[in-house]
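So you can see what is in the structure, the chains are spelled out below.
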Amino acid sequence: MQFENHQTRRHFLAQSSLSVSSLALAWLLEKEANAAPKKPPFVQPVYDAKPKETEHPAQAKAMISLWMQGGPSHHDMFDPKPEMAKYDGKAFPGEIKYDNAAQASSKVFHSPWKFAPRGECGMELSELIPYTSAIADDICLIRSMRTTVNNHGQSIRALQTGRILEGRPTLGSWLTYGLGCEADNLPAFMALIDPGQLPVLGVENWQNGFLPSTYQGTVVRPQEPRILDLVPPPHLKGAPQQNALNFLDSLNRRHQERFPGQHDLEARIATYELAAKMQVAATEALDLSKETKATQEMYGIHSENKTTSEYGTRCLIARRLIERGVRFVQVYTQNQLWDSHNGIIGSLPKACAKVDQPSAALVTDLKARGLLDSTVVHWGGEMGRLPVIQNDGGRAKIGRDHNTHGFSSWVAGGGFKAGHVHGKTDEWGHKAVEDVVNHYDYHATLMHLFGLKHDELKYEYAKREQTLTDNQPAKVIEGLLA
């Protein structure tokens, strides 16, 4: 059979007297279509930190997360269980999930600290946190938080990234991806680390994951220089630095023109531009010398008071950053500060003393400046503790094991209900039983307050559309909203 030169295999199969079935033809056409390379989009997406429109009116514009790594004991701070006093030292009359069975006991441990109603709302809080008690009418206390994964790392990932898997973007990265930053001379997401140690998982706490690098958190150190390599040495200041930056920018942009769509390169170019602006803006924002003595004392910043001064300094810096347009700031406590496996009677009061005054001062200060209505303040960690004794070797050694089935956190401002207690744990403070707030519900609620829909803010990665809540049954908790 003779064919014209221009005739293709497709024409032959379609017109041939061999009568190839339509099914075979369809298969061949699909195969050819799939084999053809996909055409790149006409316009490459741009990933930057410029302010972006929200999907609906937002109540919150910024967030400060006071991250209490290790698991603060809700039994002893936020969630009184007076009936447990009858069972103190006696066998727990039910089932309980231990994380460390080797050190576990079944003896009930009733809190040795007193609770009392605080504020006009009557919120019951512990004597361990007198400053937080003074702002009871401004906070929303969630007593029914839950992640259900007892390991520190996995529960941290659940609350910080939405899933227990490694490599996902943190909450700060998602918010800055969705909203950008009000400031053009400071990073959108800043991480204020503790001088003691990095928190568990270290840099994972402020990673951008699969999102473009421009949404990674910028670390602010607890001592000078707070941001490394920000200020050039004297011999490079001025014209020499500017000439070097201009030359570097020309090389980067030439490469960008040849290879468009390289997000890491785009982030690098943006970072150099931002760093030049930050030399003035960040230096000013991190300088507390212009804050009044009264303000500094309110945060517990005293030269003679080492208990609150360092944490108070970072809380005050967080306020200054938010005031200047930064979108998300997270202030970390050191590795396992709250992980009270033993000696809780001695260690818990010290942990509370470090953060209680500065945390409350932050809320008070934001409110006085008219910023609390648009700024979410979060206080909490990745878990709580169990109602039974761990390390039953005498009162000085008593501790509490991990509990992620029901624990407490508080939030304030940004559209959250003030002077409100949400949810309940059972009579032992072991499991959340009423108005439960799973980690993904918390995320969905936050996104809603920021004017975003948790299931519509997406980023394509690994051939599927990714979201913060990642197809979990997340819902906005209406009971938390003002």
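Every value quoted in this text rests on a predicted model; they were computed, and no experiment measured them. (Residues numbered from 1 in each chain as written. Predicted model: local features only at pLDDT ≥ 70, side-chain atom pairs only at ≥ 80, totals over all residues. Heavy atoms only, no water.)

### Some thoughts on helix H10 (residues 309-323)
In this model H10 runs 21 Å from its N-terminal to its C-terminal C-alpha over 15 residues, within 8% of the 21 Å that 1.5 Å per residue would give. Taking burial as the measure, the 15 residues of H10 include 13 buried ones, the bulk of the element. Phi for glycine 325, located one or two positions after H10, is positive at around 105 degrees. (Helix = DSSP H or I, 4+ residues; strand = E, 2+ residues; numbered from the N terminus. Expected span 1.5 Å × (residues − 1). Buried < 20%, exposed > 50% of the residue type's maximum accessible area, 1.4 Å probe, protein only.)

### Structural notes on the pattern of salt bridges
Enumeration over the complete set of coordinates arrives at 30 salt bridges. Among the salt bridges present, the one from lysine 367 reaches aspartate 138, with a minimum N-O distance of 2.7 Å. Here aspartate 138 lies in the loop between helix H4 (130-134) and strand S5 (139-146) and lysine 367 lies in helix H11 (residues 344-368), a separation of 229 residues in the sequence. When its relative accessible area of 49% is taken as the criterion, lysine 367 is described as partly exposed. Here lysine 475 ties to aspartate 441 by a salt bridge, and the two come within 3.7 Å at their closest N and O atoms. With lysine 475 in the segment after strand S19 (464-466) and aspartate 441 in helix H12 (residues 439-449), this pair connects stretches of sequence that are 34 residues apart. Under the relative-accessibility criterion, lysine 475 is labelled partly exposed at 45%. (Salt bridge = Lys/Arg side-chain N within 4 Å of Asp/Glu carboxyl O.)

### A short note on the environment of alanine 188
Inspection of the secondary structure assignment puts alanine 188 in the loop between helix H6 (171-179) and strand S6 (189-192). Residues contacting alanine 188, with those up to four places away along its chain left out, are Thr176, Gly180, Cys181, Val326, Arg327 and Phe328. (Contact = heavy atoms within 4.5 Å.)

### Notes on unusual backbone geometry
Residue proline 225 is bonded to the preceding glutamate 224 through a cis peptide linkage, with omega at -10 degrees. Here proline 225 shows up in the loop between strand S7 (218-220) and helix H7 (239-258). For threonine 148, which is not glycine, the phi dihedral falls at a positive 65 degrees. On the secondary structure map, threonine 148 appears in the loop between S5 and helix H5 (152-161). The class for threonine 148 is partly exposed, based on a relative accessible area of 39%. In this structure, aspartate 470 is a non-glycine residue whose phi angle is positive, near 50 degrees. Owing to a relative accessible area of 7%, aspartate 470 belongs among the buried residues under this scheme.

### Some remarks on the environment of asparagine 208
Residue placement: asparagine 208 occurs in the loop between S6 and S7. Taking the C-alpha atoms as reference points, asparagine 208 and glycine 172, 36 residues apart in sequence, are found 8.5 Å from one another. In this view, asparagine 208 contacts Pro169, Ser173, Ser213, Tyr215 and Gln216; residues no more than four positions away in its chain are not counted. Looking at asparagine 208, its side chain comes within polar contact range of the main-chain oxygen of leucine 211, at 2.6 Å. (Polar contact = N/O pair within 3.5 Å; in protein donor to acceptor, adjacent residues only side chain to side chain.)

### Here we look at H5
Because each turn of an α-helix spans 3.6 residues, side chains separated by three or four positions in sequence point in the same direction. When you tally the buried positions in H5, you get nine out of ten residues, the bulk of the element. Regarding H5, its N-cap is asparagine 151, as a side-chain oxygen of that residue lies 2.8 Å from the backbone nitrogen of glycine 153 further along. Taken from the residues just after H5, glycine 162 is the one with a positive phi, measuring 100 degrees.

### A word on the packing of aromatic side chains
Both the distance between ring centres and the angle between the ring planes are used here to describe each pair of aromatic rings. On inspection of all chains with the given rule, the structure shows 15 aromatic pairs. Where tyrosine 87 meets tryptophan 428, the ring centres are 5.1 Å apart and the plane angle is 75 degrees; that geometry is what we call edge-to-face. Taken together, the residues span a long stretch of sequence, with tyrosine 87 in the loop between helix H3 (74-77) and strand S2 (104-108) and tryptophan 428 in the loop between strand S15 (424-425) and strand S16 (432-434) at a distance of 341 residues. Measuring from ring centre to ring centre gives 6.3 Å for phenylalanine 210 and tyrosine 459, while their planes differ by 10 degrees; the resulting arrangement is stacked. With phenylalanine 210 in the loop between S6 and S7 and tyrosine 459 in strand S18 (residues 459-461), this pair connects stretches of sequence that are 249 residues apart. Of the two residues, phenylalanine 210 and tyrosine 459, both sit in the buried class. Each member of the aromatic cluster is reached from another via a ring pair, and the members are Tyr47, Trp174, Tyr177, Phe210, Tyr215, Tyr459 and Tyr461. (Phe/Tyr/Trp six-rings, centres within 6.5 Å; stacked < 30°, edge-to-face > 60°.)

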